[in-house]
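Notes for the structure review
Take a look at the letters that make up each chain.
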Amino acid sequence: MSSPATLPVTNQQASSQSQPPINSHAFRSFLSRLSSSLRDSLSQRRPWMELVDRSSFARPDSLTDSFSRIRKNLAYFKVNYAAIVSLVLAFSLLSHPFSLLVLLSLLCSWMFLYLFRSSDQPLVLFGRAFSDRETLLALVLTTIVVVFMTSVGSLLTSALTIGVAIVCLHGAFRVPDDLFLDEQEPSNAGLLSFIGNSAATSAAASVVAGRV
């Protein structure tokens, strides 16, 4: 007596698990845009020897003169100043490994649970599926708790305060008379606008691509 023929069975669970947990196309696009933005920003960096030229330092005549120098130096050395603030922030985080680990965990949670998660794959934890709105709300609340209710927030605030103080001190004593801004670069462009434009361009495009 012959045995019955075996019918092929499709394992839907296995096929669903084989799908990548994140939108790899959006993630690669984000990395590409971020790399391009960093290269474009670094191309605007001024020579470091020009930043620390001793012959260009002098005490400001007044508070108004200090603010004027800071504004002009921010427009000219914005990339260098951004690097200085970033180095101060990185040093502070490296000297506090726990805070660095917490921030990296928070960043990975945003990236893999919301920003770059495939839109056709709902987040499932403990047997319950969470919508995008619930996931976003949980991440926002977690971020608020981590940043404002732990030592991480005070560490970031202290590091940014020290970095900005260094920038302002240098900008107030660096005489900008020998600096020449590019014609296409507005003289009132500052450090925050430079950082904001670069980050917004990279992040906004990638978030849109990841949630479509």
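Rules behind the numbers
- Residues numbered from 1 in each chain as written.
- Predicted model: local features only at pLDDT ≥ 70, side-chain atom pairs only at ≥ 80, totals over all residues.
- Heavy atoms only, no water.
- Helix = DSSP H or I, 4+ residues; strand = E, 2+ residues; numbered from the N terminus.
- Buried < 20%, exposed > 50% of the residue type's maximum accessible area, 1.4 Å probe, protein only.
- Contact = heavy atoms within 4.5 Å.
- Areas by Shrake-Rupley, 256 points an atom, 1.4 Å probe, with all protein chains shown as cover.
- pLDDT = per-residue confidence, 0-100.
- Core = buried A, V, L, I, M, F, W, Y, C linked by side-chain atoms within 4.5 Å.
- Phe/Tyr/Trp six-rings, centres within 6.5 Å; stacked < 30°, edge-to-face > 60°.
- Lys NZ or Arg CZ within 6 Å of the ring centre and 35° of its normal.

Quick look at the overall build of the protein
In terms of helices and strands, the protein carries nine helices and two strands. Listing the helices and strands of the protein from first to last along the sequence gives α-α-α-α-α-α-β-β-α-α-α. Across the 212 residues of the protein, 31% fall into the buried class. In the protein, 85% of the contacts between residues at least 6 apart in sequence involve partners at least 24 apart. Carbon together with sulfur atoms contributes 67% to the accessible area of the protein, which is approximately 14,200 Å² in total.

Considerations on the confidence of the model for the protein
The pLDDT averaged across the protein works out to 74; a share of 65% of its residues lies at or above 70. Segment residues 7-20 is flagged for pLDDT under 50; beyond a separation of four residues in sequence, or across chains, it makes five contacts in the model. Here residues 186-195 scores under 50 on pLDDT; set against residues more than four positions off or in separate chains, the count is 20 contacts.

Observations concerning the nonpolar core
Taken as a class, soluble globular proteins show a tendency for nonpolar side chains to be buried jointly. Of all hydrophobic cores here, the largest spans 13 residues; its most connected members are Leu93, Leu103, Trp110, Tyr114, Leu115, Val152 and Leu156. Those elements that provide at least two residues to this core are α6 (97-115), α7 (132-148) and α8 (151-173). It is α6 that provides the largest number of residues to this core, a total of six residues. What valine 152 contacts, discounting residues up to four positions off in sequence, is Ser99, Val102, Leu103, Val146 and Val147. Among the nonpolar cores identified, the runner-up in size contains 10 residues, and Ile70, Leu74, Phe77 and Tyr81 belong to it.

Comments concerning the packing of aromatic side chains
Scanning the model with the defined rule gives two aromatic pairs in all. Note on tyrosine 76 and phenylalanine 77: the rings are 4.8 Å apart at their centroids and 85° apart in plane angle, and the pair reads as edge-to-face. As far as the burial class goes, tyrosine 76 and phenylalanine 77 line up, both buried. A centroid spacing of 6.0 Å and a plane angle of 55° characterise the contact between phenylalanine 77 and tyrosine 81, whose relative ring orientation is tilted. With respect to class, phenylalanine 77 is no different from tyrosine 81; both count as buried. Seen from the ring of tyrosine 76, arginine 46 lies directly overhead, with NZ or CZ sitting 4.0 Å from the centre.

Thoughts on the side chain of serine 66
Following the sequence through the fold, serine 66 ends up in helix α4 (residues 63-76). Since its relative accessible area comes to 12%, serine 66 is described here as buried. Apart from residues lying up to four places away in sequence, serine 66 is in contact with Pro60 and Ala172.

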